[in-house]
Amino acid sequence: QVQLLESGGGLVQPGGSLRLSCVASGKNFDSNLMGWYRQVPGKQRELVASITPSESANYAESVKGRFTISRDNAKNTGYLQMNSLKPEDTAIYYCNARYGPAWSYDYWGHGTQVTVSS
């Protein structure tokens with residue numbers, strides 16, 4: 001079983017920055033496909049960014065150039081650096097880790113709230 005614990009959310013003004021962290025336990029962290037998703041009430045959860053074990057990253061168009069996903073396998077931790085935040089980035093952000101063939105084993109954190117407002 002894998003447990004994921006997010007931290008780093010909060011209230012920030014437009015144009016500000018936050019860094020989210022996701023600490024994983026229970027499996028070899030360096031073998032997972034790690035991702036950050038976000039969800040607002042009434043909408044589907046959407047992929048923000050993902051990073052493979054070889055550190056190849058993928059981003060949603062809406063965050064390209066502003067967000068950076070990274071991982072520190074020695075610390076079993078993934079990160080999402082969010083810069084130039086906009087009000088539309090307001091959401092609950094969830095950490096996701098996938099393992100196994102076709103990434104078929106899927107684990108989620110409980111989420112952390114990010115609010116961008118003046």
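Residues numbered from 1 in each chain as written. Predicted model: local features only at pLDDT ≥ 70, side-chain atom pairs only at ≥ 80, totals over all residues. Heavy atoms only, no water.

**Student:** So what's going on with the pairing of strand E11 (residues 112-116)? Residues and values would help.
**Tutor:** Residues of E11 alternate between two faces, with Thr-112, Val-114 and Val-116 buried on one and Gln-113 and Thr-115 left unburied on the opposite face. In terms of strand pairing, strand E2 (residues 10-12) meets E11 through three bridges, oriented parallel. Bridge pairing in E11 places Leu-11 opposite Thr-115. In this structure, strand E9 (residues 91-99) lies alongside E11, joined through three bridges in antiparallel fashion. From the neighbouring strand, Ile-92 faces E11, where its bridge partner is Gln-113. (Buried < 20%, exposed > 50% of the residue type's maximum accessible area, 1.4 Å probe, protein only. Helix = DSSP H or I, 4+ residues; strand = E, 2+ residues; numbered from the N terminus. Pairing = 2+ DSSP bridges.)

**Student:** Outline the pairing of E9, supporting the account with residue identities and numerical values.
**Tutor:** Counting buried residues along E9, seven of its nine residues qualify, which places the element largely inside the surrounding structure. Relative to E9, strand E4 (residues 33-39) runs antiparallel, the two being bridged by seven bridges. In the sheet register, Met-34 faces E9, and the bridge partner there is Ala-97. Bridge analysis of E9 against strand E10 (residues 105-108) gives four bridges, and the strand direction is antiparallel. Note that in E10 the partner of Ala-97 across the bridge is Tyr-107.

**Student:** Please give an account of the state of the cysteines that cites residues and values.
**Tutor:** For the coordinates displayed, the defined rule picks out one disulfide. For Cys-22, the disulfide goes to Cys-95, at an S-S distance of 2.0 Å. One disulfide, between Cys-22 and Cys-95, carries an S-S torsion of -80° and so falls in the left-handed class. With Cys-22 in strand E3 (residues 18-25) and Cys-95 in strand E9, this pair connects stretches of sequence that are 73 residues apart. (Disulfide = S-S within 2.5 Å.)

**Student:** Quick rundown of the pattern of salt bridges? Include the residues and the values.
**Tutor:** Tallied over the entire structure, the rule returns five salt bridges. A salt bridge links Arg-38 to Asp-89; its shortest N-O distance comes to 3.0 Å. Pair noted here: Arg-38 is in strand E4 and Asp-89 is in the loop between strand E8 (77-82) and E9, with a separation of 51 residues, a long-range link. For the pair shown, Arg-38 and Asp-89 are each scored as buried. (Salt bridge = Lys/Arg side-chain N within 4 Å of Asp/Glu carboxyl O.)

**Student:** Give me the environment of Gly-15: which residues, what numbers.
**Tutor:** By secondary structure assignment, the location of Gly-15 is in the loop between E2 and E3. The class of Gly-15 is exposed, set by a relative accessible area of 54%. For Gly-15 and Trp-36, which are 21 residues apart along the polypeptide, the C-alpha to C-alpha distance reads 20 Å. Once you skip the residues sitting within four places of it in the chain, Gly-15 turns out to touch Ser-84 and Leu-85. (Contact = heavy atoms within 4.5 Å.)

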